[in-house]
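Here are the chains, one letter per residue:
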Amino acid sequence: MHGKVLVVDPIATHRIVLRVKLAASQYEVLQATSIADAMQQMGKAHPDLILCSTSLPDGTPTRFLARLRKAGLLGKVPVIALGTATGSDERVRLLTAGYDDVLSRPVDNALLLARARSLLRSYASASEWQLREGTSRALGFAEHSAAFGPAPRVRVVTTRPAQAQDWCTQMTPLLQGRVSLCLPVEAVNDDADGGTPDAFVLVTRPGGDHETLGLLASLRSHAATRHSVIMIAQTEEPAPLAAQMLDMGANDLAPFGATLDEIAIRLRALLSRKLMTDALRATVRNGIEASVIDPLTGLNNRRYAMPHVKRIAERAQRTGKPFALMIADLDHFKQVNDRYGHAAGDAVLIDVAKRLRSNLRAVDLVARIGGEEFLMVLPGVDLENAQKAATRLCRKVGDVPVTIPGRDDPITATISIGLIVYDGVRRGDLAAGAPLTAETLLDRADRALYDAKAEGRNRVTLSQSAA
């Protein structure tokens, strides 16, 4: 399943239609008929996304947000409002109250699912950075960041800049930042002062959706702009490729007919989230780098890895979401040092570390925890995908020999991997309800690693506690 979605709607037909749409896309669907029912449902299961009708029998949509705020869930779970009379003024009211988006019925299936995926990605990314920041705080290497930043830079990209000049002039005071205009071919250029825009507003033109998709792909792949937020301002209704734009990395869609106030509030929400994510990223990068980075490979070291594993395990037990833990060890590494020298051995370690890091996701942890031993932690990965990832890592290391500077003969290196997967159900010899400690996990992964060595090396062995 891709996640749990709570549908709050008093009308059974609406709930059934949404349940069918979401279940077909592999979401687990929870249903509630009122605010009280929704709060009771959330007491039993923590949803990843909430779809809420704007017409509720026991209160207004804003009262529902107030209940979420009181429960400590507002801002931690994305909430989309669904209504039949949702003009721009109504959307502004609900967005101001705290909803992440407001969609009008009948809702286009593709757009609804794309919006859900976009919000889930955004919240998951923020959650991962908060988790890493929490780990660095536990180590005592980070201070709280300031809750403010410089005036945001917003770049409006349009094929008709002259017609958009008044629009930008009016938008500037609403955002309290700098709003500039440019043509699509100029979008990825730096500002005159060398800065990168915090946000892009891509103004579509009738029949020009494919051009917008190409520009969106360029912005998301460019190193300088990949962390910028991107809003699509639609100039026609319906927009045929709007769902695809969200799936390709757009953070939000300003519907056709949206007022300046609506676009401004959407941009402010995106910029606020970006400011928080940037601060968390900087805290992690700057606060712990010197103390918890292995100087040879550039990976995190054991001092960082152990608290991080602990926090991953605690969150997994609390939410039921899976994760995988691997310990990899270079095979016959002593022979490399004895035969080629320690400088060559260091070169092999550096190269293997690069291969491990480049073949895992950005949110995955890769750490050097011993001389030739590496730890990988993959949040949200189930057993099947963990085994595929581990097998891929063995292949990436073993298939191509390591080239050593100054030597004509490359060195073939292989790794053995011990794997353990926690999915909230498979507990094996882990007693039900017992704390899932970092030490316990590493011990079981170590046992699996020893089995991989005994079975011939250059292979993956699954811990029996996860079987």
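As a reminder, the structure under discussion sits directly above these lines.
Asker: What is the right way to read the sheet that holds strand E2 (residues 27–32) from this model?
Answerer: To summarise the sheet geometry, strands pair through backbone hydrogen bonds and adopt either a parallel or an antiparallel arrangement. A sheet is described by the order of its strands in space; here five strands give the open sequence E2-E1-E3-E4-E5, paired in parallel fashion. Edge positions in the sheet fall to E2 and strand E5 (101–104), since each has one partner strand and no second. Averaged over all pairs of adjacent strands, the angle between their axes in this sheet comes to 20 degrees, without regard to strand direction. With six bridges connecting them, strand E1 (residues 3–8) and E2 associate as parallel partners.

Asker: Explanation requested: the sheet that holds strand E9 (residues 229–233) in the structure shown.
Answerer: The strand order across the open sheet formed by five strands is E7-E6-E8-E9-E10, and the pairing between neighbours is parallel. The open sheet has two free edges, formed respectively by strand E7 (178–182) and strand E10 (252–254), since each of these has just one partner strand. Taken pair by pair, the neighbouring strands of this sheet meet at an average axis angle of 25 degrees, ignoring direction. Sheet topology places strand E8 (residues 199–203) next to E9; five bridges connect them, and they run parallel. Pairing of Phe200 across the sheet is with Ile230, part of E9. Where helix H6 (residues 161–175) meets the sheet, its contacts fall on strand E6 (153–157), E7 and E8, and the angle it forms with E7 comes to roughly 165 degrees.

Asker: Is there a simple way to think about the pattern of salt bridges in this case?
Answerer: Side-chain pairs of opposite charge can arise where the charged atoms are in close proximity. Counted under the stated rule, the structure contains 23 salt bridges. Asp48 is paired through a salt bridge with Lys321; the nearest N and O atoms lie 2.9 Å apart. Of this pair, Asp48 sits in the loop between helix H2 (35–44) and strand E3 (49–53) while Lys321 is found in the loop between helix H10 (302–319) and strand E12 (323–330), placing the two residues 273 residues apart along the sequence. Overall, the relative accessible area of 17% leaves Asp48 in the buried class. Owing to a relative accessible area of 44%, Lys321 belongs among the partly exposed residues under this scheme. Here Asp252 makes a salt bridge to Arg115, at a shortest N to O gap of 3.1 Å. Here Asp252, found in strand E10, pairs with Arg115, found in helix H5 (residues 109–139); they are 137 residues apart in sequence, far enough to count as distant. As far as the burial class goes, Asp252 and Arg115 line up, both buried.

Asker: Just to check I follow, could you spell out helix H3 (residues 61–70) for this structure?
Answerer: One turn of the α-helix equals 3.6 residues, which is why residues spaced by three or four share an orientation. Those residues of H3 that sit buried are Pro61, Phe64, Leu65 and Leu68. In an axial view of H3, the angular spread of the buried residues amounts to 100 degrees, which keeps them on one side of the axis. Those residues of H3 that are buried lie in contact with E1, H2, E3, strand E4 (79–83) and helix H4 (88–97). Two residues or fewer after H3 comes Gly72, characterised by a positive phi angle close to 75 degrees.

Asker: Honestly, helix H14 (residues 438–454) in this entry has me stumped. Any pointers?
Answerer: Taking 1.5 Å of rise per residue, 17 residues should cover 24 Å, and H14 covers 24 Å from first to last C-alpha, within 8% of that figure. Within H14, burial applies to Ala438, Leu441, Leu442, Arg444, Ala445, Asp446, Ala448, Leu449, Ala452 and Lys453. Where H14 is buried, its residues meet H10, E12, strand E14 (373–379), strand E15 (415–422) and strand E16 (460–462). In the segment just after H14, Gly456 is the residue with positive phi, at about 125 degrees.

Asker: Sorry if this is basic, but what is going on with the layout of surface pockets here?
Answerer: Where empty space is left becomes clear once a probe the size of a water molecule has been rolled over the atoms. Its volume calculated, the second largest pocket comes out at about 470 Å³. Forming the walls of the second largest pocket are 23 residues, and the residues nearest its centre are Leu103, Asp108, Leu111, Gln234 and Glu237. Counting residues per element, the lining of the second largest pocket draws most heavily on E5, which supplies four residues. Each residue belonging to the lining of the second largest pocket can be placed in one class, and the counts come to 15 nonpolar, two polar and six charged.

Asker: Would you take a moment to explain unusual backbone geometry for this structure?
Answerer: For residues other than glycine, phi is negative in most cases, and the peptide bonds are mostly trans. The omega torsion of the bond from Arg105 to Pro106 falls at -5 degrees, within 30 degrees of zero and hence cis. Structurally, the position occupied by Pro106 is in the loop between E5 and H5. Phi is positive for Gln176, close to 50 degrees, though the residue is something other than glycine. The exposure class assigned to Gln176 is exposed, which follows from its relative accessible area of 67%.

Asker: Got a minute to help me understand the packing of helix H12 (residues 342–358) against helix H13 (residues 383–398) in this structure?
Answerer: A packed helix pair is summarised by two numbers, namely the angle formed by the two axes and the spacing between the axes. The contact between H12 and H13 brings their axes to 10 Å, and the two run at 145 degrees. H12 and H13 meet at a crossing whose hand is right-handed. On the side of H12, the interface is formed by Val352, Arg355 and Leu356, while H13 contributes Leu393, Lys396 and Val397. In the contact of H12 with H13, the residues fall into four nonpolar, no polar and two charged.

Asker: How should I be thinking about the side chain of Ser34 in this particular structure?
Answerer: Mapped onto the elements of the fold, Ser34 is located in the loop between E2 and H2. Separated by 3.1 Å, the side chain of Ser34 and the backbone nitrogen of Asp37 make a polar contact.

Asker: How do you make sense of the pairing of E9 when you look at a structure like this?
Answerer: Along any regular strand the residues' side chains alternate between the sheet's two faces. Burial runs high along E9: five of the five residues are buried. On E9, burial covers both faces: Val229, Met231 and Ala233 on one face and Ile230 and Ile232 on the other are all buried. Between the parallel elements E8 and E9, the chain passes through helix H7 (residues 209–221) in a crossover that is right-handed. Of the strand pairs in this sheet, E9 and E10 are connected by three bridges, and their pairing is parallel.

Criteria and thresholds
- Numbering of residues begins from 1 in every chain and follows the order in which that chain's sequence is written.
- Side-chain atom pairs in this predicted model are given and counted only at pLDDT of 80 or more, local residue features only at pLDDT of at least 70, and totals for whole chains, interfaces and linings cover all residues.
- For side-chain calculations, the full set of non-hydrogen atoms in the structure is used, while hydrogens and water are omitted.
- For two strands to pair, DSSP has to find at least two bridges joining them.
- Helix and strand labels come from DSSP, where a helix needs a run of H or I of at least four residues and a strand needs a run of E of at least two; each type is numbered from the N terminus.
- For helices, the fitted axis covers only the stretch in contact; all axes are lines through C-alpha atoms, and the angles between them, taken along N-to-C directions, range from 0 to 180 degrees.
- By the convention used here, residues are in contact when the closest approach between their heavy atoms is within 4.5 Å.
- For this document, the term salt bridge refers to a Lys or Arg side-chain nitrogen within 4 Å of an Asp or Glu carboxyl oxygen.
- A simple rule labels every residue: compare its accessible area, found with a 1.4 Å probe on the protein chains alone, to the largest value its type can have, and call it buried under 20%, exposed over 50%, or partly exposed in between.
- As used here, the arc belongs to the directions running from the helix axis to the C-beta atoms.
- Any helix carries an expected span of 1.5 Å times its number of residues minus one.
- Detection works on a 1 Å grid of protein atoms alone, calling trapped sets that fit a 1.4 Å probe cavities and calling open sets with protein on both sides within 12 Å along at least five of seven lines pockets, with lining residues defined by an atom within 4 Å of a point.
- Grid points are joined across faces, edges and corners, and a volume is the space filled by probe spheres set on the points.
- Nonpolar residues are Ala, Val, Leu, Ile, Met, Phe, Trp, Tyr, Cys and Pro. Charged residues are Asp, Glu, Lys and Arg, and all others, Gly as well, are polar.
- By the definition used in this description, the sense in which the near helix is turned from the far one sets the handedness, with an anticlockwise turn below a right angle giving left-handed and a clockwise turn giving right-handed.
- Under the rule applied, a polar contact is a pair of N or O atoms within 3.5 Å (in protein, one hydrogen donor and one hydrogen acceptor; residues adjacent in sequence only if both atoms are side-chain atoms).
- Classification remark: right-handed applies to a crossover when, strands pointing away from the viewer, the course from the first strand over the helix to the second runs clockwise.

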